[in-house]
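# Remarks on the overall topology
Spelled out, the chains give:
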Amino acid sequence: MRKLLVALACLVGTAHADDAIATYAIVVGSNVGGAGQTDLRYAEDDARRVGQLLVELGGYAKERVDVVVHPTPEQLRARINAVADKINADLAAGRHSRVFFYYSGHARASALDLGSDQLALAELRQRLFQLPSKLTVVVLDACQSGAFSRIKGAQPAADFSFNSRQQLDASGVAVLASSSGSELSQESEQLRSSYFTHHLLIGLRGASDVNRDGMVTIDEAYRYAYHQTLLATAETAVGGQHVSLEVDLKGHGEVPLSYPRAATTHIELPANLEGKTLVEDKRSRTVVAETYKAKGAAVRIAVAPGEYRVLVRRGTTLSRCEVASGGTIDLDRCKSEAITAGTTKGGGFERPMRIELSMFAGNERHDDYTDNLYAFGYRNYFSEPSAGLEVLALRRYLRWLSLGGVAGVTVMPTWKKEITGGGDLSQEFDWSQWRLAFVGRAEQWMAATGFGSHFSIYGQLMAGLGIGTTSLRNAEGMTFRDTHVGPAFGGGLGLHVDFGRGIGASLGYSYDYAPVIKDLIGNTHAGGGHRFGLSVTYSF
Amino acid sequence: MRSIIGSSIVLVAALAQLGSTDCGQAIRDDGFDLWCGEELCAWKVERGAVMRVASWNKGDYAVELVGSDVAIEQLSPVNGSDGSCMRFTLIANVQDTADVVLNVDVEGDGTVEMSERLPTSHWQPLTFTFALVQPYDGVRFEIAKRGLGEAVVANIGAKIIASGDCTGLTPLDPGPRRNGSYCFANAECASGACMESPLPQPENYSVARTCVGCDHTVASSCGAQVCGLADAFSPVFSVPVECVAPAAKPLGDACIADAECATNICNRVGDYGSCSTCTSDGQCSGGQRCLPSGTVMLVPRAMPQVCGGGQHLVASGAPCASNDDCVSGLCNGTVRSQCAGDGRPCVTAAECTFDGLQNRACNTVGIQGGTCQ
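So, here is what we can say about the structure in this document. Small disclaimer: the values here were computed from a predicted structure and weren't measured. (Residues numbered from 1 in each chain as written. Chains lettered and ligands numbered in written order. Predicted model: local features only at pLDDT ≥ 70, side-chain atom pairs only at ≥ 80, totals over all residues. Heavy atoms only, no water.)

## Here we look at the packing of helix H2 (residues 73-92) of chain A against helix H3 (residues 121-129) of chain A
All names here are of chain A. Applied cut-off: Between N-to-C directions, angles span 0 to 180 degrees; the directions come from axes that are lines fitted to C-alpha atoms, helices contributing only their stretch in contact. The numbering of helices and of strands both runs from the N terminus, where a helix is a DSSP run of H or I of at least 4 residues and a strand a run of E of at least 2. Here is the rule for angles: anything less than 35 degrees is roughly parallel, anything more than 145 is roughly antiparallel, 65 through 115 is roughly perpendicular, and the remaining ranges are oblique. Helix crossings are classified by the rotation of the near helix relative to the far one: an anticlockwise turn of less than a right angle makes the crossing left-handed, while a clockwise turn makes it right-handed. Contacts: residue pairs with any heavy atoms within 4.5 Å of one another. Classification convention: Asp, Glu, Lys, Arg as charged; Ala, Val, Leu, Ile, Met, Phe, Trp, Tyr, Cys, Pro as nonpolar; all other residues, Gly among them, as polar.
Taken N-terminus to C-terminus, the directions of H2 and H3 make an angle of 15°; their axes are 10 Å apart at the nearest point. Here H2 is positioned roughly parallel relative to H3, judged by the angle of their axes. You can see that H2 and H3 cross each other, and the crossing is left-handed. Facing Arg77, Ile80 and Asn81 of H2, the residues of H3 in contact are Glu123, Leu124, Arg127 and Leu128. Looking at the contact of H2 with H3 residue by residue, the classes come out as three nonpolar, one polar and three charged.

## Remarks on the interface of chain A and chain B
Our working rule: Summed over both partners, the accessible area lost on bringing two parts together, with a 1.4 Å probe, is the buried area. We define a salt bridge as a side-chain nitrogen of Lys or Arg found within 4 Å of a carboxyl oxygen belonging to Asp or Glu. By the criterion applied in these results, polar contacts are pairs of N or O atoms within 3.5 Å in which, for protein atoms, one can donate a hydrogen and the other can accept it, and in which residues neighboring in sequence qualify only through two side-chain atoms.
Between chain A and chain B, the contact holds 27 residues from the first and 28 residues from the second. Its largest share of buried area at the contact with chain B, chain A owes to Phe376, Thr420 and Ile521 of chain A, together 29% of the area lost on that side. Lys417 of chain A is the partner of Asp60 of chain B in a salt bridge, and the nearest nitrogen-oxygen pair spans 3.9 Å. Between chain A and chain B we count ten residue pairs in polar contact (both at pLDDT 80 or more) in total. Secondary structure elements with two or more residues in the side of chain A that touches chain B: helix H8 (368-375), strand E26 (426-445) and strand E28 (479-500) of chain A. The leading source of residues in the side of chain A that touches chain B is H8 of chain A, at four residues.

## Re H3 of chain A
How we decide: Exposure categories follow from relative accessible area, calculated using a 1.4 Å probe and restricted to protein chains: below 20% of the type maximum is buried, above 50% is exposed, and the middle band is partly exposed. As used here, the arc belongs to the directions running from the helix axis to the C-beta atoms.
Among the residues of H3 of chain A, Leu121, Leu124, Arg125 and Leu128 of chain A are the ones counted as buried. Buried residues of H3 of chain A, viewed axially, fall in a sector of 100°; they line one side.

## Description of the sheet that holds strand E22 (residues 362-372) of chain B
Residue and element names in this part refer to chain B. Applicable threshold: Between any two strands, at least two bridges found by DSSP are needed for them to pair.
Strand order in the open sheet formed by three strands is E20-E22-E21, with antiparallel pairing between adjacent strands. Each end of this open sheet is capped by a strand with a single partner; those strands are strand E20 (319-320) and strand E21 (331-339). For E21 and E22, the ladder comprises eight bridges, and the chain directions are antiparallel. The residue of E22 that forms the bridge with Thr334 is Gln368.

## Some thoughts on the packing of helix H6 (residues 195-207) of chain A against helix H7 (residues 218-233) of chain A
Residues and elements named next belong to chain A. Contact geometry for H6 and H7: axes closest at 8 Å, N-to-C directions at 140°. By the angle class used here, H6 and H7 are oblique. Crossing handedness for the pair H6 and H7: right-handed. Only Ala221, Tyr224, Ala225, Gln228, Thr229, Ala232 and Thr233 of H7 make contact with H6, whose side of the interface consists of Tyr195, Phe196, His199, Leu200, Ile202, Gly203, Leu204 and Ala207. Class assignment of the residues belonging to the contact of H6 with H7 gives a composition of ten nonpolar, five polar and no charged.

## Let's talk about the environment of Gln201 of chain B
Along the chain, the position of Gln201 of chain B falls in the loop between strand E11 (194-196) and strand E12 (209-211). When the C-alpha atoms of Gln201 of chain B and Ser181 of chain B are compared, they prove to be 9.8 Å apart, with 20 residues separating the residues in sequence.

## Brief notes about the sheet that holds strand E16 (residues 266-269) of chain B
Overall, antiparallel pairing links the three strands, which are arranged E15-E17-E16 (chain B) in an open sheet. The outermost strands of the open sheet, each flanked by one partner alone, are strand E15 (254-255) and E16 of chain B.

## Considering the packing of aromatic side chains
Note the threshold: A pair of Phe, Tyr and Trp rings is counted when the ring centres sit within 6.5 Å of each other, with Trp represented by its six-membered ring. The angle between the planes then sorts it: under 30 degrees is stacked, over 60 is edge-to-face, the rest tilted.
Evaluated as defined, the whole model comprises 15 aromatic pairs over all chains. Ring geometry for Tyr538 of chain A versus Phe540 of chain A: centroids 5.8 Å apart, planes at 20°, classification stacked. Classification of Tyr538 of chain A by relative accessible area gives partly exposed; the value is 41%. Ring pairs connect the aromatic residues Tyr369, Tyr378, Phe429 and Trp431 of chain A together with Trp56 of chain B, which therefore count as one cluster.

## Describing the pairing of E26 of chain A
Residue and element names in this part refer to chain A. Pairing of strand E24 (residues 401-411) with E26 involves eleven bridges; the strand directions are antiparallel. Within E26, the position partnered with Leu401 by the bridge is Ala442. In the sheet, strand E25 (residues 415-418) pairs with E26 via four bridges, with the strands oriented antiparallel. By the bridge assignment for E26, Lys417 is matched with Gln427. When E26 meets strand E27 (residues 455-473), the two strands line up antiparallel, connected through 18 bridges. Along E27, the bridge assignment pairs Arg435 with Gly466.

Okay, here's the thing in structure tokens:
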């Protein structure tokens, strides 16, 4: 159990709609773990963000949102008692009240871990459920937080079949837990938040407002958080995380948790936009919202005034949109670029396969074999180079390591022997060499993002089989062909450029060595030498 | 720019190899690649037998010297104007039981000026460099083997190189220049006379003067003999001008003076002609005209002429130089054949090997001393 997000009770109010109802929130975050638990990184930040949203969009007065960071059990009991006192005072004055309780931190199946101390879930449940408020909403972001409901014997809502309009009431208790009673809840380094709170906040900012009435109900928030959290955690090493909801409400009114319509600034994702969308607060460099926007309906996300960057990923294209004071995203006005290969949350690779078609040329190695050709009167004038084609297939196994195979052919320079005194008569020796080899390539990208992410440098080694063919056409016009087989080795360096959509190019240098072709008097030619190549590549 | 430099290099290289050699190579078919049946096309087998075998590749032939006494030779047309330093390279597979030598015979007169034994080798290139006294005409290369050991020769090249590469070497000296050799000064000649030749010079000559045995412009230069032409003896030498017996040459033979001919008439174009019976119609009787005999052109030498020549008008018993001269169509005499281009007497083309893959033609040039049947 790594992280337990325990409870939160909150009173959600149509605050601006009914002054007779007082609203109170206790928002708790605790990074410190108990014995055997690793400290969390973002629980206290999540609590602060929840408190900010309640003030911003929930209709809570700032002074009635009590953000408590790293409390002891005694301090937490005192805060709950303080709210109970205020509620009783309100009741005495003839006013009803609502309470919103949020907890993000470590927990076990039976207790919240508040540092080295614990607060039993049974006690917390009793204290929250006995508050004299008309409506209490508890949100727990902790491991096995679903156990909070099991204490009572209630079962978490299994899926979306739950019909809030029929079963929810304007009064009672609702418990939204980040995971089931046996699951772990997880934080994300990329989101700098827990998966659950991150998606809950996005939903409360408007992404879950399915009916676009400007108000996010607990039903809408639950459906959205359930779906998005499960999607986001399905590919992680820990596994899928199922948000649960327990309700004990009376009446048929909806239970609103936030009012995105009340915000002064919105970012609207238009109906025709489709793709994974991320909204980043440029000032704090935090992710405000991350969602998959489907085609068909617009989505409005309420945000605080400020500058935002919206990233929309469609296929292999990433669009970057700068938003200064809200508005509708227009992809045509955004910068678009190709997405480079990278590691996904699940550990796989985008476009792990690469095919390369290369053309190369270089000098042919001189050795005893070619010295012998020279001695026998053959010449290859003007240092004619060796040239060839090869196809290389690679599969990435680590971010930096790919393995595969290469097949190629090198046509070596023709050696020609003029027959002295024979007019135009001559003898020509043509030779070529095929190669089938295994390849191992180490590759390093110049940057993780931006322009540099399109470039990488690589080094590779290869070993395999060389097949050499020779053809001698002599002065009598007769042709003599031979085939030779031997080992082939090589190594090289190169620069790869990714143009997007999987298409790229490489510029490389290699040094090949294949002692394959033999003559009748004991000389062996080690085919190869310095090669410079240009490749077109396709990754998929 | 690069192509200009490349072209310039080629041009310079080509100019440097101008002369009687082929791209600097003095030996034809240096790789023994050209076989006329089972005989080498460009090499002459002096004695013994040779066999075609593979060298480094099945298709690149070498020549095996078969037997215990074998020799092959080739006369190269290289001469003093090409240079005075020569490098000889050879690739061979010679067993230690074979005694193989390379003989160099400057001017091909049968006198070997240099003989190098080829060491035992397994396809290792061997190189010899030697200097030659200028002027000279032609070099005969001979590879000879004695013993039963295997000797296979794959490539043999002789190339004129810069004279500086022969610094310190004692040049091979064929001795005083014989008649027919080109020359610059009297002292070079065995005869002590270097004169402008009355004859066209061989293609490999770059000067018009040759060593002569007599001055053909002075009638008394030979005393009782006459200054005339000896027989051609080499494709790399001019036909020698020497003192010859008077009135000894039959009708149709080459001449430069009337006194050489039995008929005392030498029909010439310039100084080079053929013994004839007439040079003008006035020398003929019975209304016959003085006409060329036969149809074989002997340019630049003038053709022999007879009265009624080539017209089938010559009566039985009268002199003739071809069958076409005679009424009977048959001229009895000695058939004269020469190698095309150099005039060496020949019977078959095999005697006319030189400078090229095909032997020079052995042409019938007439009938000497004939009479119509």
